[in-house]
Amino acid sequence: MATIHEEIDNWLAADLYGELSGEEQRELHTHLVECVACRKTHQEVKTMNKILQETLAQQKPDPAFEQRMLGGFRNRVPERSGLVKLLSDLMRLRAAQITAVAAVLLGLVQLGRVFTRETAIAPRTRGDYANEQLFRQRSPSGASEPGRLGVLAKSDELAAGKPQDLALPAPPPSSGTRSELDKGFKAFPATVAPAQTAQAETAAKETGTGVAAMNYAAKPSSVETPAPELANRKLIRNATAELEIVSFDDAVQKITAFANEEHGYVATTDSQKQANGKLRGQIVVKVLPENLDRFLQKIRGLGELKNQTLGTEDVTKAYFDKDARLKNARVMEQRLIDMLKTKTGKVSDLLQVEKQLGRVREDIEKMQGELKYWDSQVQFATVTISLAEKDMEEPAAFLIKERAQLSLYAPDVEKIYNDIKALASQKVQITNAQLNRDYSGRVSATMSMLIAPEESDGVMGRTKGFGRVENFQTQTERIAQGGSGMSENAKTKRDKVELNITISREEQEQALQQTSLRIRTSSVDEKAKELRALAEKQGGRVRSSTFNRDPDGRELANVWLRVPMKNYVSLMQSLNSLGKVENVSVQRQDRTGTQIDEANAPADISIQVYTQGNIVSHESGPLATLRRTLAQSAGAIMWSLRMIGVAIAFLAPWVIAIAAIVWVAKRVMRAKR
Amino acid sequence: MDASEREQYRAAIHGDREAFEMIIRTHSRTLFAIAYGILQSREEAEDVVQDSLVKAWKTRWRVRDPEKFPAWLATIARHRAHDLFRKRRAASVSDEATEATDSESPDTTAIDQQLHSALAALPELHRAALTLRYFEEMDYRTIESMLGLTNGALRGILGRALASMRKQLRPALASMD
């Protein structure tokens, strides 16, 4: 570490500016006492500091400096105004920044949705949630429902007439927010004090969903001890259940028994027998509403429950509206009757009164009917039970369908066509027969027939004998009837066999094997004739033949033959007797996936019979070689000339253009000078 | 740096004009000290401070960390002053003859003149550190952070600056004692 003496300037400066610690100050002073040179320096530094302070103090900015700077800044950076300022101010807020980012992200997401064509999921309304909750709370309609029991307990307390125990704050009179239902409830002139009703309402609201709770609050009237103010509600309860059972009749008997147990009755039953012997049906049962839950519980034991719904419709308001209107109508009726009794006024007036009375009575009857209907609906809950026996989908029977495809080659298509037509009988029905002849005289035929299953093998066998079978395919399909899947009891039936036949002429058939060869001989004409004779002997047919003689004396004969495969080998051997057999190439086309009668399949042979003529080349010897060389070099020179021409044609315009520019530039430069 | 200062710098960076004007009030003297240290001219230093403030406002978004805002301001001022200083020196070289007589102001005393020439002989950084010390009476740590120096570097710088000036002014000092 450097000594104080060596770094005296640093130490003195730090001392001057109050940057030395107490310890350091002591060290410095000790050194200054000891060292004369440093003491002198210290003196100089102190004097200089004084001068510096004095001199620089004059240079300090005046008090108005900040104001000047601010003024200058304001002048040079004018404050933004209006919308821009508002926006920039807004963007300074964290919340605004976050909102902006969120908005951009949301926009991007929506954009993405547009691109991917994904439909936006519609937000579910609060009503949906409420319904869902209602359904969830209700679906296990057993007795152990803590939530519901809680409500019930409250209702009971209400019924016992001690609403103060609920310790509820006095509900604000928010009649505006109350549902239509509540209004109806209030409108009904019950014997209960309105305050209590309001209490019940609040108690209901406390459980979460007002409507759901309302229904529960209404329920105890049927399940538990009926609360007086709730017993007057008109509720129609409906339930549906879908069951899969083993035996339909058993289930009907049991349901009837259950209905009797619960003081109900079976209203209607209907059943249908399916093709596979299974029964399906529907039973409508009426039970007392308070027994509905128990009844549903019981029928659940009958089989597998597929689906169950439970619904409650509150007709209180409509019911009492109608009731009031009925009362009014009765009063009106009485007054009209009174008017008739007094019999004052004109006859026409009386007639008018009579007419009016008739109308009023009609109304009364209609309303009475409706009220009665509602009464019956309210009195009994309706349970619709759909029953289906197990394995409803089991097939009743199987049908075996056979389809066959036959391709035939025959020398005479028409004959076979007629032969097959002659097969038609009661059990062999020809559904389609077509004989085609195209412009070049080629004949082909297609036929379709339906054959009774017992005849099918015989007919197919006979048809196959008519020609050479090129292809035969059968396809069997088992079709389940009246259901799907497997069944042990279903019967199996054979359907008619469908047979499709195509007949073509032999010539059109592609050869199974193609052979080409050359035979060199001295006399072509003679050998070609021999060849033909040989082919006839082996059951082959000459399809075409040509004969040529060129100026050099070469003779050439082409012969195409077709023989059945079984005779192919012997024919090939006999060809050796004709001359020297050369260039034999054999090409075989195996047709996979089809049945081939190989012995009779055709094989094509193409034979070229030729003589070697007197072949002398004109182009030989030193002179010819020289001439060829000269001709080639002349050609090469001509080719390079052409290439040079092309190059010049390509480059020349550029050269001319550049030269012109340079010339113009030079002229301009000279003109400037 | 306390929280309110930090918040002020942050607001200024995000474009709060009032916050920035507040910073002008509190910091322009510091900037002046730096500029004057380099340029040795009050008028030029004022211009530099003014320019630096405008430039700082326009490029305020470049500062990521509000803590570094004052140091960043100082850097702008230093660079501007340095640019101007270089320009002036280039100009003074070409017009040396005329400059020599002009600089002799009649009202400056001999010791002042000597002091100024001694200051002028110092490197820019040393001059800026000195003026910050004498104008604003800042402690070493603050000056270091303002001028972007490492901790403890200033001690040597100011020591050397004083030593060099002392040597130049020695005759004058001796006469004053």
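So, a few notes on the structure that sits alongside this text. By convention here, each chain's residues receive numbers from 1 onward along its written sequence. Chain A is the first chain written and ligand 1 is the first ligand written, with later ones labelled in order. Per-residue local features are limited, in this predicted model, to residues with pLDDT of at least 70; the limit for side-chain atom pairs, both in listing and counting, is 80 or more; totals at the level of whole chains, interfaces and linings are taken over all residues. As a rule here, side-chain values come from all non-hydrogen atoms in the structure, and water together with hydrogens is ignored.

Thoughts on the overall build of chain B
Counting secondary structure elements, chain B contains nine helices and zero strands. Under the scheme used here, helices are H or I runs from DSSP no shorter than 4 residues and strands are E runs no shorter than 2 residues, and both carry numbers assigned from the N terminus. When the helices and strands of chain B are read in sequence order from the N terminus, they spell out α-α-α-α-α-α-α-α-α. Within chain B, buried positions represent 47% of all 177 residues. Carbon and sulfur atoms make up 50% of the accessible area of chain B, which amounts to about 8900 Å² in all. Exposed residues in this analysis have more than 50% of their type's maximum accessible area, buried residues have under 20%, and partly exposed residues fall in between, with area computed by a 1.4 Å probe over protein chains only. Where accessible areas are quoted, they stem from the Shrake-Rupley method and a 1.4 Å probe; at the residue level, only the protein chains shown are allowed to cover.

Examining the interface of chain A and chain B
In this assembly, 43 residues from chain A lie in contact with 48 residues from chain B. With both chains or domains summed, chain A and chain B bury close to 4700 Å², and 59% of this area falls on carbon and sulfur atoms. The rule for a salt bridge is simple: a side-chain nitrogen of Lys or Arg has to be within 4 Å of a carboxyl oxygen of Asp or Glu. On the surface where chain A and chain B come into contact, there are nine salt bridges. For R76(A), the salt bridge is made with D51(B), and the minimal N-O distance between the two is 2.7 Å. Between N or O atoms, a polar contact is any pair within 3.5 Å; within protein, one atom must be a potential hydrogen donor and the other a potential acceptor, and residues adjacent in sequence are included only when both atoms are from side chains. At the junction of chain A with chain B, the criterion picks out 18 residue pairs in polar contact (both at pLDDT 80 or more). If you list the elements that add at least two residues to the side of chain A that touches chain B, you get helix 1 (8-16), helix 3 (36-59), helix 4 (65-76) and helix 6 (94-116) of chain A. Contacts were defined at the residue level, with two residues in contact if any of their heavy atoms lie within 4.5 Å. A quick way to say it: buried area is the sum, across both parts, of accessible area lost when two parts are put together, with a 1.4 Å probe.

Some words on the side chain of N558(A)
All names here are of chain A. Note that N558 resides in strand 13 (residues 555-564). A relative accessible area of 18% means that N558 is categorised as buried. Within the structure, N558 has its side chain in polar contact with the side chain of Q608 (distance 3.5 Å). Apart from residues no more than four positions distant in its own chain, N558 is found in contact with S544, S545, T546, I607 and Q608.

Digging into the pairing of strand 13 of chain A
Residue and element names in this part refer to chain A. The buried count for strand 13 comes to eight of 10 residues, which makes it a mostly enclosed element. Pairing of strand 12 (residues 541-549) with strand 13, which is carried by eight bridges, proceeds in the antiparallel orientation. In the sheet register, T546 faces strand 13, and the bridge partner there is N558. One bridge is not enough; two strands pair if DSSP finds at least two bridges between them. Pairing geometry for strand 13 and strand 15 (residues 602-610), over nine bridges, is antiparallel. Residue pairing in the sheet places V563 in a bridge with A603 of strand 15.

Some thoughts on the nonpolar core
Note on soluble globular proteins: their nonpolar side chains tend to be buried together. Counting residues in hydrophobic clusters, the biggest one holds 78 residues, and the most contacted among them are F69(B), L130(B) and M165(B). In terms of residues, this core owes the most to one element, helix 2 (residues 17-39) of chain B, which gives 12 residues. The contact partners of M165(B), leaving out residues within four places of it in the chain, are M48(A), L52(A), L115(B), A118(B), L119(B), L122(B) and L130(B). If you look at the next biggest cluster of nonpolar residues, it comprises 24 residues, including A259(A), I283(A), F295(A) and I385(A). Side-chain atoms within 4.5 Å are what join buried Ala, Val, Leu, Ile, Met, Phe, Trp, Tyr and Cys residues into a set we call a nonpolar core.

Overview of the pattern of salt bridges
With the rule as written, the count across this model stands at 34 salt bridges over all chains. Linking R437(A) and E414(A) is a salt bridge whose minimum nitrogen-to-oxygen distance equals 3.0 Å. Of this pair, R437(A) sits in strand 7 (residues 428-437) while E414(A) is found in helix 18 (residues 413-422), placing the two residues 23 residues apart along the sequence. Relative accessible area serves as the criterion here: at 53%, R437(A) is assigned to the exposed category. Judged by relative accessible area, which is 33%, E414(A) ranks as partly exposed. Several salt bridges converge on common partners, so that one network encompasses D9(A), K40(A), E44(A), R166(B) and R170(B).

Quick look at unusual backbone geometry
The backbone phi angle of N583(A) is positive, close to 50 degrees, even though this residue is not glycine. Its place among the elements puts N583(A) in strand 14 (residues 580-588). Residue class for N583(A) comes out exposed when judged on its relative accessible area of 54%. For E137(B), which is not glycine, the phi dihedral falls at a positive 50 degrees. Its location among the elements puts E137(B) in the loop between helix 7 (124-136) and helix 8 (140-147). Overall, the relative accessible area of 56% leaves E137(B) in the exposed class.

Digging into the pairing of strand 15 of chain A
Residue and element names in this part refer to chain A. Counting buried residues along strand 15, eight of its nine residues qualify, which places the element largely inside the surrounding structure. Sheet analysis places strand 11 (residues 513-520) next to strand 15, joined by eight bridges and oriented parallel. Paired with L517 across the strands is I607, a residue of strand 15.

Things to note about the packing of aromatic side chains
By convention here, two paired aromatic rings are described through the distance between centres and the angle between planes. Centre distance within 6.5 Å is the pairing criterion for rings of Phe, Tyr and Trp, where only the six-membered ring of Trp is used; planes under 30 degrees apart are then read as stacked, over 60 as edge-to-face, and the remainder as tilted. Overall, the coordinates contain 15 aromatic pairs over all chains when judged by the stated rule. An aromatic cluster is present here, built from F73(A), Y9(B), F20(B), W57(B), F69(B) and W72(B) joined pairwise through their rings. Distance and angle both matter: a charge sits over a ring if NZ of Lys or CZ of Arg is within 6 Å of the ring centre and within 35 degrees of the ring normal. Above the ring of Y319(A), the side-chain terminus of K234(A) is found at 4.6 Å from the ring centroid. Looking at R17(B), its charged tip hangs above the ring of W57(B), at a distance of 6.0 Å from the centre.

A word on the sheet that holds strand 6 (residues 397-410) of chain A
Residue and element names in this part refer to chain A. Spatially, five strands are ordered 7-8-10-6-9 in an open sheet, and the strand pairing comes out mixed. Bordering the open sheet on either side are strand 7 and strand 9 (468-481), each of which pairs with just one other strand. Neighbour-to-neighbour, the strand axes of the sheet open up by a mean angle of 10 degrees, direction not taken into account. Examined bridge by bridge, strand 7 and strand 8 (residues 443-451) share nine bridges and lie antiparallel to one another. Looking across to strand 8, one finds that V428 is bridged to I451. Whenever a helix is involved, its axis is fitted only over the stretch in contact; in every case the axis is a line through C-alpha atoms, and angles between N-to-C directions fall within 0 to 180 degrees.

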